[in-house]
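The lines below spell out each chain.
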Amino acid sequence: MTLAHTGELMRDAVGSGVGLAAFNVISLEHGEAIIEAAEQTELPAVLQISENCIKFHRGRLKPLVSGLAALAESSHARVSLHLDHIEDERILREAAGTAITSVMFDGSRLGFQDNIAATRGAARWAHLRGWHVEAELGEIGGKNGAHAPGVRTDPVEAARFAADTGVDSLAVAVGSSHAMTAQTARLDHDLIARIKNAVAVPLVLHGSSGVPDDDVVLAVASGMVKINLGTILNVAFTGAVRSALAAPDIVDPRAYLAPARVETAAVAARLLRVVATRPVAAP
C-alpha cells in the first residue's frame, strides 16, 4: 500500500473522535513489529524517527527512512513516516524528497519568542513541501524540557503560539513525562479540555508510555489526538531479549530479535486498540 500522509491520518482521527497512535522507531525490527500490529488491528499508525534515533544510526537518515518506507509499502496497513523532536534544521533539509510527510519541530528549549520564530520558519519550509507540522510548548522559560515533571502548558500561551507559528498540531505538557518505564503518570484532564477549547489545532500527548491505559482513553476524550509512545515498546523489546539470552548457548541474533519483535508487536497492537477506543459517555 502507498504510504499514508500523517496529516490525513490526523484528520481522520479528529473526524472519528478517536486517537492516533504514533510509535518511535529505533530499528527495522521496531518498524516490522509496529506495522504487524497495525495489520492485525486494522488501525493506522505513525512511525516516528527521532533526532536521537538518527544520531544512533550515525547521522544517516535516508537508509532508515527507505527501509521503513519499503516495509510500509509492502503492507496493507495505513502507516505514515514522521520526524520526531527535530532541533537540527539540517535534518529537515536532508529529509526533503523522502517518504517523510510530517515533522515535530522542537524549539521548546528556546525562550517563548525565539521558539515562535524558529518554529514559524520551520513550518513555512515544511509546508512548502506539503508536510504536516507539529510543535511543542510547555512552561515558558522551563529549563528541563516541556515534559519534565511538574511542567504545564498555559492555554492562553498555547493558543497564541499555535496562531503565531502556523503549526498543524501542538504537543502540550499536561502531566506526562518522557522515558517513563511504568504507567504511573496522571494527566490533568481539565487542563487538556481548556487547552483544546483555546487552541485551533489538534493536540499531541508526548510521554504517553507512562500513562495508564484508562487515562489515555480519557485523554483522547478530553481533547488529545496524536498519542506518542516509545519507551513502553522498548521495555517490551528489551525484556524479550533478556529472556531469550537466558539460554547461554544463543549466539545468533535472530534467536533473540525474533521474540523481541513478537512481544513488541503484541504491545503495539494493545496500545493501538487503547488509543482508538471511543470513550463511553457518562450516564
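Here, the structure is the one placed above.
Cut-off values and rules
- Residues numbered from 1 in each chain as written.
- Predicted model: local features only at pLDDT ≥ 70, side-chain atom pairs only at ≥ 80, totals over all residues.
- Heavy atoms only, no water.
- Buried < 20%, exposed > 50% of the residue type's maximum accessible area, 1.4 Å probe, protein only.
- Helix = DSSP H or I, 4+ residues; strand = E, 2+ residues; numbered from the N terminus.
- Pairing = 2+ DSSP bridges.
- Axes fitted to C-alpha atoms, helices over the stretch in contact; angles between N-to-C directions.
- Core = buried A, V, L, I, M, F, W, Y, C linked by side-chain atoms within 4.5 Å.
- Contact = heavy atoms within 4.5 Å.
- Salt bridge = Lys/Arg side-chain N within 4 Å of Asp/Glu carboxyl O.
- Polar contact = N/O pair within 3.5 Å; in protein donor to acceptor, adjacent residues only side chain to side chain.
- Phe/Tyr/Trp six-rings, centres within 6.5 Å; stacked < 30°, edge-to-face > 60°.

## A word on the pairing of strand β8 (residues 224-229)
Alright, step 1. By the criterion of burial, β8 is predominantly enclosed, with six of the six residues buried.
Alright, step 2. Sheet topology note: the strand β1 (residues 20-24)/β8 ladder contains four bridges and is parallel. Bridging across to β8, Phe23 finds its partner in Leu229.
Alright, step 3. Two elements, strand β7 (residues 203-205) and β8, share three bridges in a ladder whose sense is parallel.

## Considering the sheet that holds strand β2 (residues 45-50)
Alright, step 1. Pairing in this closed barrel of eight strands is parallel, and the strands run β1-β2-β3-β4-β5-β6-β7-β8 around the ring. Adjacent strand axes in the sheet meet at a mean angle of 30 degrees, parallel and antiparallel pairs treated alike.
Alright, step 2. As paired elements, β1 and β2 share three bridges and run parallel to each other. Bridging across to β2, Ala22 finds its partner in Val46.

## Section: the nonpolar core
Alright, step 1. Among the nonpolar cores identified, the biggest contains 74 residues, and Phe23, Ile49 and Leu83 are the most heavily contacted of them.
Alright, step 2. Beyond its immediate chain neighbours, meaning those up to four positions away, Leu83 contacts Ile49, Ile54, Leu61, Ile91, Leu92, Ala95, Ile100, Ser102, Val103, Met104 and Trp131.

## Some thoughts on the pattern of salt bridges
Alright, step 1. The full count for this structure, using the stated rule, is twelve salt bridges.
Alright, step 2. We note a salt bridge from Glu134 to Lys226, for which the minimum N-O separation is 2.8 Å. Here Glu134 is found in strand β5 (residues 132-137), whereas its partner Lys226 is found in strand β8, with 92 residues between them in sequence. Assigned by exposure class, Glu134 and Lys226 land together as buried.
Alright, step 3. A salt bridge links Arg160 to Asp164, with the shortest nitrogen-to-oxygen separation between them at 3.5 Å. Residue Arg160 and its partner Asp164 are both found in helix α7 (residues 155-165); the two are separated by four residues, about one turn of the helix.
Alright, step 4. For Arg160, a relative accessible area of 37% puts it in the partly exposed group.
Alright, step 5. Salt bridges sharing partners connect three or more residues here, namely Glu8, Asp12 and Arg78.

## Digging into the side chain of Ser102
Alright, step 1. Inspection of the secondary structure puts Ser102 in strand β4 (residues 100-105).
Alright, step 2. Reaching out from Ser102, the side chain makes a polar contact with the side chain of His82 at a distance of 2.7 Å.
Alright, step 3. The contacts of Ser102, once residues within four sequence positions are left out, are Thr6, Leu81, His82, Leu83, Trp131 and His132.

## Quick notes on the packing of aromatic side chains
Alright, step 1. This structure, assessed with the given rule, holds two aromatic pairs.
Alright, step 2. Taking the centre distance of 6.3 Å and the plane angle of 40 degrees together, the rings of Phe112 and Phe161 count as tilted. One end of the pair, Phe112, is in helix α6 (residues 112-127); the other, Phe161, is in helix α7, with 49 residues separating them in the sequence.
Alright, step 3. A relative accessible area of 10% places Phe112 in the buried class.
Alright, step 4. Given the relative accessible area of 0%, Phe161 is considered buried.

Keep in mind that these numbers describe shape and distance, not what the molecule does.
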